[in-house]
Amino acid sequence: MFSAGVRREVAGRLVVAGCVAAEEEADELLASAPDRATLLAFVARRESGEPLAWITGEVRFAGIPIRVDRGVYVPRGQTEELALRAAALLPDGGAAADICTGSGAVAAYLRSAAPSAALAATDIDRCAVACARRNGVAALVADLDRGLRSGSFDVVTAVTPYVPTDQMAFLPSDVLRYEPRLAIDGGQGGLGVLRRLVVGAARLLHSGGFLLTEIGGDQATRLAPVLAASGFVTITTWCDEEGDVRGLGAERR
Ligand SMILES: C[S@@+](CC[C@H](N)C(=O)[O-])C[C@H]1O[C@@H](n2cnc3c(N)ncnc32)[C@H](O)[C@@H]1O
């Protein structure tokens, strides 16, 4: 409904604002805005650094549309690998728990990939849980594994906060200004929530079940003692497109 000239103007403003994929973002804003006044308001929000997904209300994750409410962590492309690996490990009619579910992106992907599976999810943030429910995920407001049945899951997925507190300052300024710190700040060494997650996942998984979690830096090495103490074996890691370690998988003995 908008002309090519309007598209050029919007893309040009986004380039000036520092958006890397200005053309694609312009297309998304044009597709979501019902009229010119709304479009201009959307562009102004994006120019101020607000996440595109909060403005359009949606992001694509592993090929499926995920609603993302304002204030809720925006699912990242780097997490798709974790979701794909988890789906491959989930047996027909199996059960998965997505801890720290946020918008519910990973759980929603698992549901689409394995429709016969039973899915549970938790997040400590009420806004995130409301958003996950809007994405069709039966999420609970809970700390990590609280409220979920022990020993009953084939797969546990989690993208916890894992950025070390002393490295938060190096994140892009828009992330720091807009996205919830609770979703990102992993405490000292980034391991505060991760260590508790490993212990909680060991409770949830039956023998032979799998934990898949997102990590960064040398966190795999630093988690090794708690993984071993919690009964995890066959630890594997994978890297993101930049070649940095981004995920860890482990089997419950
Ligand atoms: C990095 S976001 C990941 C969200 C989602 N899994 C994704 O990949 O888009 C981390 C999420 O963990 C939640 N969280 C932080 N501490 C938690 C805790 N102790 N128990 C449950 N959820 C927690 C935050 O509210 C946030 O939604």
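Rules behind the numbers
- Residue positions are counted from 1 within each chain, in the order its sequence is given.
- In keeping with the model being predicted, local features are shown solely for residues with a pLDDT of at least 70 and side-chain atom pairs are shown and tallied solely at 80 or more, while totals for entire chains, interfaces and linings include all residues.
- Excluding hydrogens and water, the side-chain figures rest on all heavy atoms present in the structure.
- Any residue with a non-hydrogen atom lying within 4 Å of a molecule or strand is treated as near it.
- Gly is put with the polar residues, along with every residue not named as nonpolar or charged; the nonpolar set is Ala, Val, Leu, Ile, Met, Phe, Trp, Tyr, Cys and Pro, and the charged set is Asp, Glu, Lys and Arg.
- Note on aromatic pairs: the rings of Phe, Tyr and Trp (six-membered ring only in Trp) are paired at centre separations within 6.5 Å, and the planes decide the class, stacked below 30 degrees, edge-to-face beyond 60, tilted for the rest.
- Strands are runs of DSSP state E lasting at least 2 residues, helices are runs of H or I lasting at least 4, and numbering of each runs from the N terminus.
- Summary of the burial criterion: residues with accessible area below 20% of their type's maximum are buried, those above 50% are exposed, and those between are partly exposed, where the area comes from a 1.4 Å probe applied to protein chains only.
- Just so you know, the domain bounds were taken from an automatic or database domain assignment.
- Residues count as neighbours in contact if any of their non-hydrogen atoms are within 4.5 Å of one another.
- When two components associate, each loses some accessible surface as probed by a 1.4 Å sphere; the sum of these losses over both components is called the buried area.
- Just to be clear on terms, a salt bridge is a Lys or Arg side-chain nitrogen sitting within 4 Å of an Asp or Glu carboxyl oxygen.
- A pair of strands counts as paired when DSSP detects no fewer than two bridges linking them.
- Side-chain atoms within 4.5 Å link the members of a nonpolar core, which is a set of buried Ala, Val, Leu, Ile, Met, Phe, Trp, Tyr and Cys residues.

Section: the site of the ligand
Step number 1: Near the ligand lie 17 residues; those nearest to it are C100, D123, D143, L144 and A183.
Step number 2: Looking at the shell around the ligand, its residues break down into ten nonpolar, three polar and four charged.

Re the packing of aromatic side chains
Step number 1: As enumerated under the stated definition, the model contains one aromatic pair in all.
Step number 2: Relative to Y178, the ring of W54 has its centre 6.2 Å away and its plane inclined at 85°; by these criteria the two rings are edge-to-face. Highlighted residues: W54 in helix α4 (residues 52–56) and Y178 in helix α8 (residues 173–178), separated in sequence by 124 residues.
Step number 3: We classify W54 as buried; its relative accessible area is 8%.

Considerations on the environment of S3
Step number 1: Within the element layout of this structure, S3 appears in the segment before α1 (4–16).
Step number 2: Distance from S3 to L30, taken between C-alpha atoms, is 9.8 Å for residues 27 residues apart in sequence.

Some points on the domain arrangement of the protein chain
Step number 1: Looking at the assigned domains, one finds that the protein chain contains domain 1 (4–67) and domain 2 (77–252).
Step number 2: Centre-to-centre, using C-alpha coordinates, domain 1 lies 29 Å away from domain 2.
Step number 3: Listed by partner, the interface residues are eleven residues for domain 1 and 17 residues for domain 2.
Step number 4: At the boundary of domain 1 with domain 2, total buried surface from both sides reaches about 1200 Å², with 67% on carbon and sulfur atoms.
Step number 5: Across the contact surface, domain 1 and domain 2 share zero salt bridges.

Side note on helix α6 (residues 105–113)
Step number 1: Within the sequence span of α6, burial applies to A105, V106, A107, A108, Y109 and L110.
Step number 2: Turning to α6, the residues buried within the fold contact β1 (58–61), β2 (64–67), α5 (80–89), β3 (95–99), β4 (118–123) and β6 (153–158).

Examining the pairing of strand β8 (residues 232–239)
Step number 1: Bridge count for β8 against strand β9 (residues 245–252) is six bridges, and the pairing is antiparallel. Looking across to β9, one finds that V233 is bridged to E251.
Step number 2: Connecting β8 to the antiparallel partner β9 that follows it, the hairpin turn spans five residues, and G243 within it adopts a positive phi of roughly 85°.

A word on unusual backbone geometry
Leaving glycine out, the prevailing phi sign among residues is negative, and the prevailing peptide bond configuration is trans.
Step number 1: Even without being glycine, A62 reaches a positive phi, approximately 50°.
Step number 2: Relative to the assigned elements, A62 resides in the loop between β1 and β2.
Step number 3: Phi at T234 is positive, roughly 50°, even though this residue is not glycine.
Step number 4: Looking at the secondary structure, you find T234 in strand β8.

Topic: the nonpolar core
Step number 1: Ranked by internal contacts, the top residues of the largest apolar core, which has 62 residues, are I99, F153, V156, L211, L223 and F232.
Step number 2: A total of seven residues in this core trace back to one element, the largest contributor, which is helix α10 (residues 192–204).
Step number 3: Composition of this core by domain shows at least three residues from each of domain 1 (4–67) and domain 2 (77–252).
Step number 4: Filtering out sequence-adjacent residues up to four positions away, V156 remains in contact with A97, I99, A201, L204, L205, F210, L211 and L212.

Some words on the pattern of salt bridges
Step number 1: A complete count under the given rule lists 17 salt bridges for this structure.
Step number 2: Among the salt bridges present, the one from R36 reaches E9, with a minimum N-O distance of 3.9 Å. Taken together, the residues span a long stretch of sequence, with R36 in helix α3 (residues 36–47) and E9 in helix α1 at a distance of 27 residues.
Step number 3: What makes R36 partly exposed here is its relative accessible area of 41%.
Step number 4: In this structure, the salt-bridge partner of D143 is R196, at a minimum N-O distance of 2.9 Å. Of this pair, D143 sits in the loop between β5 (139–141) and β6 while R196 is found in helix α10, placing the two residues 53 residues apart along the sequence.
Step number 5: Connected through shared salt-bridge partners, R7, E23 and D27 make up one network.

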